[in-house]
Amino acid sequence: MNFDTMDRRSFLQGTAALGAGLMLGQTATGQSNSDTINIALLGAGAQGKVLMNAILNMKNPNIRFQAVCDIWKDYNLKLVSATLKAYKHKATPYTDYQEMLDKEELDAVIIATPDFWHAEHAIACLNKKLHVYCEKEMSNSLEKAKEMVLASRSNERLLQIGHQRRSNPRYRFCYDNIIKEAKMLGHITTINGQWNRSRQACVDIELNPKLASIAIDEATLNKYGFKSMKQYLNWRWYKGLGGGPIVDLGSHQIDIYAWFLDAQPRSVMASGGTDYWTDHEWYDNVIAIYEFPTKEGIVRASYQTITTNSAGGYFEQFMGDEGTLEISEAAARGNVYREASVPEDNWKPWVAKGFVNQPVKVEKIEAVKGEDSRSSPKPQPYTLPITLDKPFHQPHLENFFDAIHGKAKLNCPGEIGYETAAMVLKVNEAVAKGCKLDFKPDEFHV
């Protein structure tokens, strides 16, 4: 292959095979460093702006926003296009994504539209031979999610799903070192996780009166599946549009359960309801319990999301018979706790290897009179040596662009996104049916 005479499009199509894991070669990875990737942002709302800012933060001159598409032309579209143009990107504005795909010379599309549009948008882009980064949840429908994976395969294009923890260096460090190599937790038996949001953070978004004159007209809203501006602004709460907090929030964390266990659940039971936000369609609180079969035995994993109180914030906690890992995207959480029954000397090699930091010594605390003698003293945390000094989504986007250049494999390809969708969408079904639901092995495979 003569890289000197290849055009840019042919090169990016060829090296993308590397990112998909189809082949690997030193020559190809070395040739892609200066090649431009022309992208479009499809969906310029709150999440689209987050992804845009993460890409701009890369300060990579070889990633160029050629176009932006959003149906709120007088606000989201105008604002984001102007912002990108200020950074010297072309950023041609469109309200019709098909027109954008027909007119623009693109290599990839970043999709941040509401969940119910993901499948149509992703498949259209893939069929145009474009690589796709699609926000989670992959789709509200497993059938549509499957069609996305099949479109990625048939067109030989990359499909990255936006479970950004999969590229977070802290999570990857814990998986590779704490869980896999050192096995510091011992036999994992239990997982707990939560995402608690305050009432204030969950109040419906209202249209700013200053924007009333440029709100989306009713005909356009109806054309794109919305009954009103209120529904457009709060689509996550409506059935058929989003999946409620368990999908919007819980999907990120339940995905980590399966990743760290290298397992898929065999069952789930759940309780939830519209108990507080009674004008919403989706459940404002959910508690779910999964059963994960592993080589060492069953792991029971609980997860809750509430929308009335922020106590404890959000985190994932993996508990084994020798230790506990507590981790979160939030920088303040990232500790490993040694069980008192495990000699300190057993963990010294992992401190020496830099897997964890040695805890600060504290004076021994005397037991309180009358305290249960079977309880263990509170262990001191071994902190993690890895930090993330970038926006949360940036490493995942970097992985996507590196995969296009053939320098990496995707950390969350469509197949993984599909498995997570299968796990999470079943929670809402379990709440509705009020019973324990079993997973069939073929539910996780496309």
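The model shown is predicted, which means the values in this text are computed figures rather than measured ones. The residue numbering used here restarts from 1 in each chain and proceeds along that chain's sequence as written. It should be noted that, the model being predicted, local features are given only for residues of pLDDT at least 70 and side-chain atom pairs only at 80 or more, the latter also being counted only at that level, while totals for whole chains, interfaces and linings use all residues. Side-chain numbers come from the whole structure's heavy atoms, not from hydrogens or water.

Enquirer: Before we move on, can you summarise the overall build of the protein with the specific residues and values?
Expert: Check the secondary structure of the protein and you find 16 helices and 15 strands. Contacts: residue pairs with any heavy atoms within 4.5 Å of one another. Of all intrachain contacts in the protein linking residues separated by at least 6 positions in sequence, the fraction that spans at least 24 positions is 73%. Every accessible area reported is derived by Shrake-Rupley at a probe size of 1.4 Å, with residue values counting cover from the shown protein chains alone. If you sum the accessible surface of the protein, you get close to 20,600 Å²; carbon and sulfur atoms cover 50% of it. Strands are runs of DSSP state E lasting at least two residues, helices are runs of H or I lasting at least four, and both sets are numbered from the N terminus onward.

Enquirer: Requested: an account of unusual backbone geometry, with residues and values cited.
Expert: Of the consecutive residues Lys-136 and Glu-137, the connecting peptide bond is found in the cis state with omega at 0°. The residue Glu-137 is located in the loop between strand S5 (131-134) and helix H7 (142-155) in this model. Within the chain, Lys-88 stands out as a residue other than glycine whose phi angle is a positive 70°. With respect to the helices and strands, Lys-88 occurs in the loop between helix H4 (73-86) and strand S3 (92-94). Although it is not a glycine, Glu-156 adopts a positive phi angle of roughly 55°. Inspection of the secondary structure assignment puts Glu-156 in the loop between H7 and strand S6 (159-161). Per-residue accessibility, obtained with a 1.4 Å probe over protein chains only, is compared with the maximum for each type, and a residue is labelled buried under 20%, exposed over 50%, and partly exposed between these values. Note on Glu-156: relative accessible area 57%, which makes it exposed.

Enquirer: Kindly report on the pairing of strand S11 (residues 314-320), identifying the contributing residues and their values.
Expert: Of all 7 residues that make up S11, 6 are buried, and the element is covered over most of its length. Pairing geometry for S11 and strand S12 (residues 323-327), over 4 bridges, is antiparallel. Among the inter-strand pairings, Met-319 is bridged to a residue of S12, identified as Thr-324. Note on pairing: two strands pair once DSSP finds at least 2 bridges between them. Between the end of S11 and the start of S12, which pair antiparallel, lie 2 residues.

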